[in-house]
Every structure is written in structure tokens, then in C-alpha cells.
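Take a look at the letters that make up each chain.
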Amino acid sequence: LKSPSRSKRAPPLPSPPRGARAKLAISPRGSERGLARALVCRWPPTRLISEVPPAEQPARQTDSKMPSRRSTSTASAAAVAVAALASRGQTALAACPENRAPYMDEASPFGWPLTPNEWEFAHPECWAEKYATCAGTRQSPMDLGLSMTAAECAPKKAEGADTGVLATKANYKILAGKPRVAVSKYMRSVAVSGDFGSILLKDGAGHDIEYEAVQAHLTAGAMHSSEGYQADAELMVVHKPKGAHDGTANSVVVSMRFVQNGNASSELFTQLGFPAAGGMEPPEGATWEATSSVDLQNAMSAAMQGDWYSYSGSVPVPPCTENVHYILLKSEQPVAETQVSMLKAALSKHAGGYLKRPAAPRATGGVCREIQQSSLVVPQPPATCNEGTLKTAACWQSTCGKSPVDIEPTKADRSLGMLRASDLIHYNPTDHATVMPSTYSLDVTGNFGHLMLHGRVFEATKISIKAMSQHTFNGTRFAGELLVEHTLFGDDLGHSSDAEHGAHGHRRLTEEMHGSDGHDGHGPHRVMLSVPLRLGRENALLRELGLGVEAHKQAIRHGNSYNVDTEVDLAAGLAPSTSQQWYWYSGGLTTPGSCPAWGVKWMV
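Residues numbered from 1 in each chain as written. Predicted model: local features only at pLDDT ≥ 70, side-chain atom pairs only at ≥ 80, totals over all residues. Heavy atoms only, no water.

**Student:** Even after reading the chapter, I still don't get helix α6 (residues 296-304), so can you show me in this structure?
**Tutor:** Count 3.6 residues to each turn of an α-helix, and residues three or four apart come out pointing the same way. Within the sequence span of α6, burial applies to Leu-296, Ala-299, Met-300, Ala-303 and Met-304. Viewed along the axis of α6, the buried residues span an arc of 120 degrees, placing them on a single side of the element. The residue sitting at the N-terminus of α6 and contributing the capping side-chain oxygen is Asp-295; that oxygen lies 3.3 Å from the backbone nitrogen of Gln-297. (Buried < 20%, exposed > 50% of the residue type's maximum accessible area, 1.4 Å probe, protein only. Helix = DSSP H or I, 4+ residues; strand = E, 2+ residues; numbered from the N terminus. Arc of directions from axis to C-beta. Polar contact = N/O pair within 3.5 Å; in protein donor to acceptor, adjacent residues only side chain to side chain.)

Okay, structure coming up:
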């Protein structure tokens, strides 16, 4: 690798240890020489730090074991080089490791019924490969950068905000008895769920809005930092809007940090099973009883008497959705060294470690993220839409915007009589189907039969399986959703006018078929059958489609298609749902695309 200028030859590249494999990216352009070098000579990799006792642990933010002789781990600098080369059309051979880290048995504290898999704490730079929002500009945790001197970087003092006013807005209460404490692999914390009371804040228009405290997470060391300084532990109290089923649309986290301070200890740590006396081994199981009631009000009252900082951030782990407002109490509270050590030991034993995502710098590209000081306002900033996040729903430029919806059965119109979905469905078993992962779902194409609506045939040619249901029922989101897409027979041939068809049958369906909403009824004409999937026993239909078969799991992971040559019986697989109640509404697409005048009809 020679520089174009002979007078500026770089020193020779260091050799990796014997047996190590180096990844090489060569660029013909001299200006990129340094980037290529970063890929070649970053030895030893920065991921070599493993989780060792605190006295031996260097100040690192990533934790992973020593790569094996055949590993291809890269440093964060190398990851930057890969991105830079890729943007110039070059080929870089370094890649994020393939990992198989399922967290499927744990619900997200922010409201999702499952937590994401295929990611690991040791490689936060790789999260955006599978979870696009992790490349957003409002990510958490964040380094507060309070010493920045630029005027635009100074925390904005809220008008009329008084020190200690937050204490008057919090109405936390004691979680009585001995509640269960559980280690969260997802958050790398110990957590307690329950009714912790509430806090009264304001929306962007100045209206009061109450947030219910539903979970408390305790982790070591702290998530957030300031100028690189990281406290020994952090308490995060997760809130959702009062009355909301979950916090997927809007969450608030009130955070309090702890520092070791002589012989002082934390009563909250003791309540959660980490006494100051120490001498206890980590619990054998990942759950245990608290030693007493959990009193957040008492634990946080001193810190809430002071100032605080707030900012708009994200879920601190995948999927990194930017819908979390953080309130960081300025005053740090004391904790005993033995208590922190016991918490770290529990996380190491049951959560795979205690190190987490590095705090994001507050200033990037010369722009400072806004921090409010002593503000009660919870703003709703627009979504981050950059090159990495354009595939997320919040950034879609073209969508009908009418689907999905929350199904509220008590509000459904029942005046038109009841039909069973199975009376309209005419599905046939097939032994020829192709399964293909797409951007938003796992899709299955084949000839599955048809749906008969108002004397018209809608062919069933595609099944889509989505992790996390799009539609909700009384606010409840399910673990998944199966969709059967039907298109009107003849649409692809230039279907004749609706006027040629009879006007008998279901009045409302007739009007919708004829475009009574002011549209001309032109296609494409789609009817979507939606079936929620809940956690339970193995689903026979999904098994027929190859889910759960190891070879097919690998194909799905790598984005490859496969054929299903055994019989797929869609009618039998959906019978438990199609024989029950269903709901009809006129909506739109739930993925980017054109918005047909006829819309999309949904049977949910």
C-alpha cells in the first residue's frame, strides 16, 4: 500500500500474531489509503476486552471474549472504514459477525410482546444492519457533554422552572410485599414490574399529561455519561402515558445515578437483594424475591429535590426506536462498593455481562443535540430520516396512512348481521410454495385458493408473516401477525367496469366495491385477511411453511428463498381463527407503495 507521494510513505504495517487472519480492503485511490490501513492493521482488535473483576477492568465500553483463530472481528475504526469505502463503491471484506442471540422469552419494558434477536452487546456498531433505527440521530444512552462552551450546546433552562419542582410532580408509591426481581438479558439490568405510581409532566402545548411508572431497572455501570465520566450504577424508571396499553408510541424514563461513597450504602439496592454487608453469591436463578417492599419515592426523593436534565432519545437496545424522553436527575446518590459488585456479579451470571452500548456523543457533524434543564415538557420531535432509517415506517414518503388500526370490538357496527369468515374462504391445499424473506416480512407465494366477496373472486397468492402484530386489539399487541393477500381475479388483465356486476348482497360491501366514498373503484383491488399470532404451542401451519426447520432457519437468516414441497393446508391451519368473530374495515397498505383509490379492505 503505497502513498501516491513517495515523500510521504507511511511506516510499515505491523504484523498480526501468527495464525491470525487479516481482512484486506484495497482502494486504488490514495486518499482512502488510511481507511484501507485501518482494516488491515487494527491488531489487536479493540474487542479483546472481556468481562473481568472491576479491579482489573480497563475503561472500555464493549465486552466480548478473545476472538478465536478463525474469527473476523473488527474495531469500530474499521467499521467506519467499511462504511466509507462502501459509499465510494469499493468492496470491503470486513463484516459484522453472525450471531444467534435470541431474547424471545422476554417482553420489552417499552411495550413490545417480544424482544429482538440477532444482535449482541459486544457489537453495537452492527445493530443498524438489522434494526435501521439504531442509525438514527437521537440515540440513547448519550454523553451529556455539559462542559461544551458553544452557545448552541448549552442546556436550555426552562422558563419558570424551579429547582426541586420535579419532586412535587412525582407521586410514586411503595410496591408492597416482596415483589419478584428478575434479571433482564435484554436491558442488562435487574428489574421489578408493578404499579409504582405516576409523574405529572406536560406535552408540547403545555397541557398536563400523567405518566404511569410501570417498571424499575437497576444496572451497573451507568448507561449515561458526561465528558466520558460514568457513574457506578443507574436506576431507570420506565413510564407510559396513563391509560395507554404500553409505551410503544411514547415513553418516559426517569433516571438516577449512583456513585460509591465511602461507607454509605443504598437502601434501594438492599431492597432488591444487594445488601451493603455483601458476602452473598449471585442468586442461582434469574429471579428472586425482594428482601422487602420497594420504595421508589424514598429512594429518589433526595435527588428529585435538585435540578435535572432532559432530552429526546431512544430505546437503548434494538430496535432503538426514538420514542423515549429521558429525565436525568443531576444529583448522584451513594451506594456501597459491595452492592455494586454484587449487582455486576448477578448480571454477569444471568445476563451475559454488565457492559452496554457506549454513550453516543452529544455533538455530531458540528450539531449539538438539545438538552433541557429543569423542564417538565415532553416534546414529540419528528422522526429521524436519514440514509440508514428511510426504511422505517415513520419515514415512509408514500403510504395510505389508514392502516393498521386498533380493533375495539365494543365500537364495531353489528347491525348488518354476522358472517363466518370460513363461509367466504375457499382455500385449497397446495404442495408448491416458495418462501422468501422480504424487507418487512417473511413472504410465501403459491396458489392457495380464493376468497369470494359479493360474487367476486379474490385470489389468494401470497402469505406474509410478521414478527409483532401490526393491528392491536383493545391496545394489545400480539407476538406476530399472519396476512393472506387476495387480489381481484382479472385485475392483471384490465378488469371490466364495476357496473357490469350485479348489485345484490351485502349493502355496505356493495357500496365499497362500487366506490361510494367518492373514488371510482379502480384497482388494484386487494383484500387482506389478518390473523394475530400469540405465544403458545407450535403452530402447525407455520411448521408446514418451514419455520422451525434448521436448514430453513439458516436460509431466512441469510435472506435466501426456499421451496416447500410438502402439503400446505391454509384452510385447516387458519380454521381456529376463521370460525370465530372477525372485523371488516376499509383502510390502506401497511408498507410503502401506491395508495389505490379503492384502498385496501381488511378482514381482521
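Resuming the write-up.
**Student:** Can you walk me through the pairing of strand β7 (residues 208-219) in this structure?
**Tutor:** Consecutive side chains of a regular strand alternate in pointing toward one face of the sheet and then the other. Where strand β5 (residues 189-193) lies against β7, 4 bridges are found, and the strand directions are antiparallel. The residue of β7 that forms the bridge with Ser-193 is Gln-215. Joining the antiparallel neighbours strand β6 (residues 197-202) and β7 is a turn of 5 residues, in which Gly-206 adopts a positive phi near 90 degrees. Pairing between β7 and strand β10 (residues 233-241): 8 bridges, direction antiparallel. When the sheet's bridge partners are listed, His-217 is paired in β10 with Met-236. (Pairing = 2+ DSSP bridges.)

**Student:** Even after reading the chapter, I still don't get the side chain of His-325, so can you show me in this structure?
**Tutor:** Take His-325: it is sitting in strand β15 (residues 324-329). Contact partners of His-325, with chain neighbours within four places excluded, come to Ser-251, Val-252, Val-253, Ser-310, Tyr-311, Ser-312, Val-377, Val-378 and Pro-379. (Contact = heavy atoms within 4.5 Å.)

**Student:** Would you explain the pairing of β6 in this entry?
**Tutor:** Where strand β2 (residues 170-172) lies against β6, 3 bridges are found, and the strand directions are antiparallel. Bridge pairing in β6 places Tyr-172 opposite Gly-197. The pairing of β6 with β7 spans 5 bridges and is antiparallel. By the bridge assignment, Lys-202 is partnered in β7 with Asp-208.

**Student:** Where do I start with unusual backbone geometry in this structure?
**Tutor:** If a residue is not glycine, its phi is most likely negative; likewise, a peptide bond is most likely trans. The amide bond that connects Pro-318 to the next residue, Pro-319, takes the cis arrangement and shows omega of 15 degrees. Mapped onto the elements of the fold, Pro-319 is located in the loop between β14 (308-313) and β15. Cis geometry is found at the peptide bond from Ser-403 to Pro-404, where omega equals 0 degrees. Secondary-structure assignment places Pro-404 in the loop between β19 (372-373) and β20 (406-407). If you check the backbone angles, Arg-188 has positive phi at about 55 degrees while not being a glycine. Within the element layout of this structure, Arg-188 appears in the loop between β4 (180-184) and β5.

**Student:** I keep staring at the nonpolar core and nothing clicks. Help me out?
**Tutor:** Proteins that are soluble and globular tend to have nonpolar side chains buried together. Leu-235, Met-300 and Leu-329 are the most contacted members of the largest nonpolar core, which totals 50 residues. Apart from the residues lying within four places of it in its own chain, the contact partners of Leu-329 are Leu-166, Val-254, Ser-255, Met-256, Arg-257, Met-300, Ala-303, Met-304, Asp-307 and Trp-308. (Core = buried A, V, L, I, M, F, W, Y, C linked by side-chain atoms within 4.5 Å.)

**Student:** Help me understand the sheet that holds strand β27 (residues 476-477) in this model?
**Tutor:** Consider a sheet: its strands pair through backbone hydrogen bonds, and that pairing is either parallel or antiparallel. Pairing is mixed in the open sheet, where 3 strands are placed in the order β20-β26-β27. Here the strands that pair on one side only, and so sit at the sheet edges, are β20 and β27. Bridge count for β20 against strand β26 (residues 472-473) is 2 bridges, and the pairing is parallel. Across the sheet, Ile-407 pairs through a bridge with Phe-473, a residue of β26.

**Student:** Which parts of the structure should I look at to understand helix α12 (residues 570-578)?
**Tutor:** All buried positions along α12 are accounted for by Leu-570, Leu-574 and Thr-578. Seen along its axis, α12 keeps its buried residues to an arc of 55 degrees; they face one direction. Lining the buried residues of α12 we find α8 (421-424), β21 (425-427), β25 (456-467), β28 (480-488), β29 (526-533) and α10 (540-544). Where α12 begins, the side chain of Asp-569 points an oxygen toward the backbone nitrogen of Ala-571, at a separation of 3.4 Å.

**Student:** Would you mind showing me how to read the environment of Phe-478 here?
**Tutor:** On the secondary structure map, Phe-478 appears in the loop between β27 and β28. A sequence separation of 56 residues divides Phe-478 from Arg-534, and the C-alpha atoms of the two residues are 5.6 Å apart. If we skip the residues at most four places from it in the chain, Phe-478 touches Pro-113, Met-468, Ser-469, Phe-473, Pro-532, Leu-533 and Arg-534.

By themselves, these observations are geometric and do not establish any function.
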